[in-house]
Amino acid sequence: MICMINNFSLYLSLFLLIGCNAVGSAFTYTEAANFLKGYATSFPEDNITIEQFNDFDTSFANIKIGRGPSSLVVLAYVSPGNHEWVSSDGVQVLTNKGHIFKTMGLSSDVTLEAIDYLDPDLQNTSFTSTATFYNPDLFLTSIENYIQKSDKKIVLKRPNGIINATLYNHDFYVPSIKWRGNNKFYVNEEGLIIRTEQDLHPKLSKFKVDFFYKF
């Protein structure tokens, strides 16, 4: 059952606050300036202050694309296992427990087959999944995957305290376009991905997203 956030959060969700440099990395089409109608402000620092954290009464995320400045987005919709982040220009980023699996409205979008990174049967073994890339279009292409769970705990500083996270490394290769990449997922004790660093599309810079859940 899809539930909407409160009026304050709904207002905020109209803005996907991507900094100017990040727009240059992710929105490569000529009319990139059109996206700026939804641009409100950017946050050049990577860290969220306690004041910024307390300003939100719903879950939000801090996004960094490539070398661009960090920016804030808020949660727009929730459905079982999935979260949707929406810009006023119709750009949508969909996550599953923190794993970005679909984008809509970027110059080059992607739809990934959902992967459960916590499934021990998928760790330390090679397996295949599928992905669809857009611009250029490549439908249901095969991806070779390998996931490793680190034994070391990673300490992440948050405005509301310290979190000990488990790191999952995901190496992948797309044979049809000879493209390989690496994703990192930082998982808290509740099994939620609280930080992700993902290569989503060969034409886009790496996405780094810190999630701040409030439930």
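Before reading further, recall that the structure is shown in the block above.
Residues numbered from 1 in each chain as written. Predicted model: local features only at pLDDT ≥ 70, side-chain atom pairs only at ≥ 80, totals over all residues. Heavy atoms only, no water.

The next thing to look at is the overall build of the protein. When you go through the protein residue by residue, the secondary structure sums to 3 helices and 14 strands. In the protein, the share of contacts with a sequence separation of at least 24, taken over all contacts with a separation of at least 6, comes to 48%. Accessible area for the protein stands at about 10,800 Å²; split by element, carbon and sulfur atoms hold 53% of it. (Helix = DSSP H or I, 4+ residues; strand = E, 2+ residues; numbered from the N terminus. Contact = heavy atoms within 4.5 Å. Areas by Shrake-Rupley, 256 points an atom, 1.4 Å probe, with all protein chains shown as cover.)

Right, let's talk about the packing of aromatic side chains for a bit. Counted according to the given criterion, the structure contains 9 aromatic pairs. Ring plane angle 40° and centroid distance 4.1 Å describe the contact between tyrosine 117 and phenylalanine 185, whose orientation is recorded as tilted. A residue pair is termed long-range when its members are at least 10 positions apart, and tyrosine 117 in the loop between strand S8 (110–112) and strand S9 (126–133) and phenylalanine 185 in strand S12 (residues 179–187) qualify at 68 residues. In this structure tyrosine 117 comes out as buried when scored by relative accessible area, which is 4%. Owing to a relative accessible area of 0%, phenylalanine 185 belongs among the buried residues under this scheme. By the ring-pair criterion, three or more aromatic residues cluster together here, those being Phe53, Phe56, Phe60 and Phe212. The side chain of arginine 158 reaches across the aromatic face of phenylalanine 212, ending 4.4 Å from its centre. (Phe/Tyr/Trp six-rings, centres within 6.5 Å; stacked < 30°, edge-to-face > 60°. Buried < 20%, exposed > 50% of the residue type's maximum accessible area, 1.4 Å probe, protein only. Lys NZ or Arg CZ within 6 Å of the ring centre and 35° of its normal.)

Should their charged atoms come close, side chains of opposite charge can pair. The full count for this structure, using the stated rule, is 3 salt bridges. Between aspartate 210 and arginine 158 there is a salt bridge, and its shortest N-O distance comes to 3.3 Å. Placement of the pair is aspartate 210 in strand S14 (residues 207–212) and arginine 158 in strand S10 (residues 138–158), with a sequence separation of 52 residues. For the pair formed by aspartate 210 and arginine 158, the shared burial category is buried. Put simply, arginine 195 and aspartate 210 hold a salt bridge, and the shortest N to O gap is 2.6 Å. (Salt bridge = Lys/Arg side-chain N within 4 Å of Asp/Glu carboxyl O.)

Let us look at the nonpolar core. The tendency in soluble globular proteins is for nonpolar side chains to be buried side by side. Counting residues in hydrophobic clusters, the biggest one holds 31 residues, and the most contacted among them are Trp85, Leu112 and Phe207. By residue number, the principal contributor to this core is strand S11 (residues 161–174), which donates 4 residues. Not counting chain neighbours up to four residues away, the residues in contact with leucine 112 comprise His99, Ile100, Phe101, Thr130, Ala131, Ile143, Gln198 and Leu200. The next biggest cluster of nonpolar side chains, apart from the first, holds 8 residues, and it includes Tyr117, Phe127, Tyr168 and Phe185. (Core = buried A, V, L, I, M, F, W, Y, C linked by side-chain atoms within 4.5 Å.)

This part takes up a nonpolar patch on the surface. A surface patch of nonpolar side chains, amounting to about 340 Å² of accessible area, comprises Tyr134, Phe139 and Leu140. As for its placement among the helices and strands, leucine 140 is situated in strand S10. (Patch = residues over 30% accessible without salt bridge, like charges linked within 9 Å, V, L, I, M, F, W, Y side chains within 5 Å.)

Let us now look at the environment of leucine 72. Within the secondary structure, leucine 72 sits in strand S3 (residues 71–74). Under the relative-accessibility criterion, leucine 72 is labelled buried at 5%. A sequence separation of 20 residues divides leucine 72 from glutamine 52, and the C-alpha atoms of the two residues are 9.8 Å apart.

On to the side chain of histidine 201, then. The residue histidine 201 is located in the loop between strand S13 (193–198) and S14 in this model. Relative accessible area serves as the criterion here: at 2%, histidine 201 is assigned to the buried category. Excluding residues within four positions of it along the chain, histidine 201 makes contact with Ser108, Asp109, Phe133, Tyr134, Asn135 and Trp179.

Okay, unusual backbone geometry next. The step from asparagine 135 to proline 136 runs through a cis peptide bond, and the omega angle for that step is 0°. On the secondary structure map, proline 136 appears in the loop between S9 and S10.

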